[in-house]
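Fold and geometry: a report
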Amino acid sequence: MNMAKSRVLIVDDDAALLQALPQAIALRLPEVAVDTAKSALEALKCAKACEYDAIVSDIKMPGMDGLALIEHLHKLYPDIPTILITGHGERELAIQALRVGAYDFIQKPIDRDYFIAALQRAMQKHHMSKQIAQQQQELEQYLASLEQTVAERTHELVEANAAKDVFISMASHELKTPLTTLKGMAQMLLKRVERGYDIELRNVQLLENAVHRMEVLVDDLLNTSLLETGMFALHRQQHDVVQCCRDLKAEYGNEMGELLILDIVTPKLICNIDQERIGQVLLNLLSNARKYSPANSPVTIRVESRDTEAVISVIDRGVGIDARHLNRIFERFYRAPGIDVQSGANSGVGLGLYITQKIIERHQGRIIVSSTPGQGSTFCVHLPLAAEKLHSDKKKHNSVQVKE
Ligand code: ADP
């Protein structure tokens, strides 16, 4: 065992022994430091000031004797091994010393080899109990951190489970409404046919609306489930996001006419995207802009480059969103209270923006919303520009602006 940095205390009122014992230690165990004390009181002072690996005390000393000292030391420092030196034949005293906590005893006349061996054993015992205490402390810390991790994971699981329950209950609730409409309409149409009446076009349209609503909902639920199970696949390719915006305008231009304004600040912006998914994102933002704006209100889609990103902004002049709800609208099933659908056929279920944000994040992009209640909202989609196109495109299309 490495005795370096070990320190022992020898206590004796006999000056000869107080010199002889440290000499013996210096000779056999040169790496061990030795302190001496001439009385029990002095020994207690030393023990208070320094942590010893062993304390050796003679039994007979004026004032407090060795036995009382050992009892004291054992109470104050139970981990420090003590050795009592007794007179020849003082077996009773030796046994008493062991009873009050001494680790060992040595009888006079002192055999040096025996003394050194006993001292080494005592120091070893101290080192080992220190090591064990340290390991125990480390184990306890590890156990505490394990317990903490288990508690955290359990909490997460409980929360995930509760979220799943909410999800299932919301999903079934949302599915039930159009399903009830469908069932009622189908039964009513069946009765009319059985009785030989004509089927009104309006009723078939209602039927189709309910089916459409279910279709949208099932798509949203499927996308959400794919996103949450990590199975939402992206097929990314270099593609011009300005073209995505043009495609959107082509698709909705007829329906919205002049109300849909495409503001192209940078004519070509190549990004590494899943064209279909980014189309889905833009369509969702556009249909929200329409849903939450008066029927004759214009919507602008602006597309431009900013630093290393393509930024597509969908700007409406609709009802806007109160600041209290702004950071919650991307949560699953969150619908800002008190906002009614202004135009368009279907009110949503609060999954659109959740899916939109996830798709954008999967493209290493981000979506930022700013809104003023009563004045309108702007949703900005930031997508990283494809690296190799960055430099040349920036140079070419710096200050071109086209309104379509
Ligand atoms: P929903 O299907 O209800 O439209 P979304 O996830 O698309 O769900 O949107 C969540 C909520 O955010 C909406 O219910 C609405 O309260 C608010 N919201 C989204 N887009 C707009 C917008 N352009 N103007 C005002 N409110 C909006």
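Coordinates for the structure precede this section.
This text gives an overview of the structure that appears in the document. (Residues numbered from 1 in each chain as written. Predicted model: local features only at pLDDT ≥ 70, side-chain atom pairs only at ≥ 80, totals over all residues. Heavy atoms only, no water.)

For the rest of this paragraph, the subject is the overall build of the protein. Per the secondary structure count, the protein includes 11 helices and 13 strands. By the compact-globule yardstick of 22 Å for 404 residues, the protein is too spread out, its C-alpha radius of gyration being 42 Å. Based on the C-alpha atoms only, the size of the protein along its principal axes is roughly 125 × 65 × 40 Å. Relative to its full complement of 404 residues, the protein shows a buried share of 41%. Long-range contacts, defined here as pairs at least 24 residues apart, represent 71% of the contacts in the protein between residues at least 6 apart. (Helix = DSSP H or I, 4+ residues; strand = E, 2+ residues; numbered from the N terminus. Rg over C-alpha atoms; globule rule 2.2 N^0.38 Å. Buried < 20%, exposed > 50% of the residue type's maximum accessible area, 1.4 Å probe, protein only. Contact = heavy atoms within 4.5 Å.)

What follows deals with the packing of helix 6 (residues 201-228) against helix 10 (residues 352-362). Direction vectors running N to C along helix 6 and helix 10 enclose 40°, while the axes themselves pass 10 Å from each other. Our classification of the angle between helix 6 and helix 10 gives oblique. Of the two possible hands of crossing, helix 6 and helix 10 adopt the one that is left-handed. Of helix 10, the residues touching helix 6 (which contributes Asp220, Asn223, Thr224, Leu227 and Glu228) are Gly352, Tyr354, Ile355 and Lys358. In the contact of helix 6 with helix 10, the residues fall into 3 nonpolar, 3 polar and 3 charged. (Axes fitted to C-alpha atoms, helices over the stretch in contact; angles between N-to-C directions. Parallel < 35°, antiparallel > 145°, perpendicular 65-115°, else oblique. Left-handed = near helix turned anticlockwise from the far one by under 90°. Nonpolar A, V, L, I, M, F, W, Y, C, P; charged D, E, K, R; others polar.)

So, about helix 3 (residues 66-76). Of all the residues in helix 3, the buried ones are Gly66, Leu67, Leu69, Ile70 and Leu73. End-on, the buried residues of helix 3 take up no more than an arc of 160°, which puts them together on one face. (Arc of directions from axis to C-beta.)

Next up on the list: the site of the ligand. As a structural note, the neighbourhood of the ligand is formed by 20 residues, with Asn288, Tyr292, Asp316, Arg335 and Leu353 the closest of them. In this structure, an oxygen atom belonging to the ligand sits 3.0 Å away from a side-chain N or O atom of Lys291. At a separation of 2.7 Å, an oxygen atom of the ligand approaches a polar backbone atom of Leu353. Protein coverage of the free-state accessible area of the ligand, which is 530 Å², stands at 98%. With 3 residues, helix 8 (residues 275-291) is the largest single contributor of residues to the shell around the ligand. When the residues that make up the shell around the ligand are grouped by side-chain class, the tally is 11 nonpolar, 6 polar and 3 charged. (Near = heavy atom within 4 Å. Polar contact = N/O pair within 3.5 Å; in protein donor to acceptor, adjacent residues only side chain to side chain. Areas by Shrake-Rupley, 256 points an atom, 1.4 Å probe, with all protein chains shown as cover.)

Along the polypeptide, His239 turns up in strand 6 (residues 237-240). The exposure class assigned to His239 is buried, which follows from its relative accessible area of 17%. Of the polar contacts made by the side chain of His239, one reaches the side chain of Gln275; its length is 3.3 Å. Among all residues touching His239, those that are not within four sequence positions of it are Cys244, Leu269, Ile270, Cys271, Ile273 and Gln275.

Turning to the pattern of salt bridges, a few remarks are in order. This model, assessed by the stated rule, comprises 17 salt bridges. Residue Lys60 is joined to Glu90 by a salt bridge in which the shortest nitrogen-to-oxygen separation is 2.7 Å. One end of the pair, Lys60, is in the loop between strand 3 (54-58) and helix 3; the other, Glu90, is in the loop between strand 4 (82-86) and helix 4 (91-99), with 30 residues separating them in the sequence. Notably, a salt bridge pairs Arg366 with Glu309, separated by 2.7 Å at the nearest N-O pair. (Salt bridge = Lys/Arg side-chain N within 4 Å of Asp/Glu carboxyl O.)

Time to look at the packing of helix 1 (residues 15-28) against helix 5 (residues 112-194). Contact geometry for helix 1 and helix 5: axes closest at 11 Å, N-to-C directions at 75°. The orientation of helix 1 relative to helix 5 falls into the category roughly perpendicular. Contacts between helix 1 and helix 5 involve Ala20, Leu21, Ala24, Ile25 and Arg28 from the first element and Arg112, Asp113, Phe115, Ile116 and Leu119 from the second. Each residue belonging to the contact of helix 1 with helix 5 can be placed in one class, and the counts come to 7 nonpolar, no polar and 3 charged.

Here we take up the nonpolar core. By size, the foremost hydrophobic cluster in this structure holds 52 residues, and its most contacted members are Val241, Ile312, Ile329, Phe379 and Leu383. Of all the elements, helix 7 (residues 241-256) adds the most residues to this core, at 7 residues. With residues up to four places along the chain from it excluded, the contact list for Ile312 reads Val241, Cys245, Leu282, Ile301, Arg302, Val303, Phe379, Cys380, Val381 and Leu383. Listed in part, the 20 residues of the second largest apolar core include Ile10, Leu17, Val56 and Leu119. (Core = buried A, V, L, I, M, F, W, Y, C linked by side-chain atoms within 4.5 Å.)

Right, let's talk about the pairing of strand 7 (residues 260-264) for a bit. Most of strand 7 sits out of view: 4 of its 5 residues are buried. As paired strands, strand 7 and strand 9 (residues 299-306) are joined by 5 bridges and run parallel to one another. Note that in strand 9 the partner of Ile261 across the bridge is Thr300. (Pairing = 2+ DSSP bridges.)

For the rest of this paragraph, the subject is the side chain of Asp104. The residue Asp104 is located in strand 5 (residues 104-107) in this model. Sequence-distant contacts of Asp104, that is, excluding residues within four places in its chain, are made with Thr82, Ile83, Leu84, Leu98, Ala118 and Arg121.

Remember that the coordinates give geometry; whether it matters functionally is a separate question.
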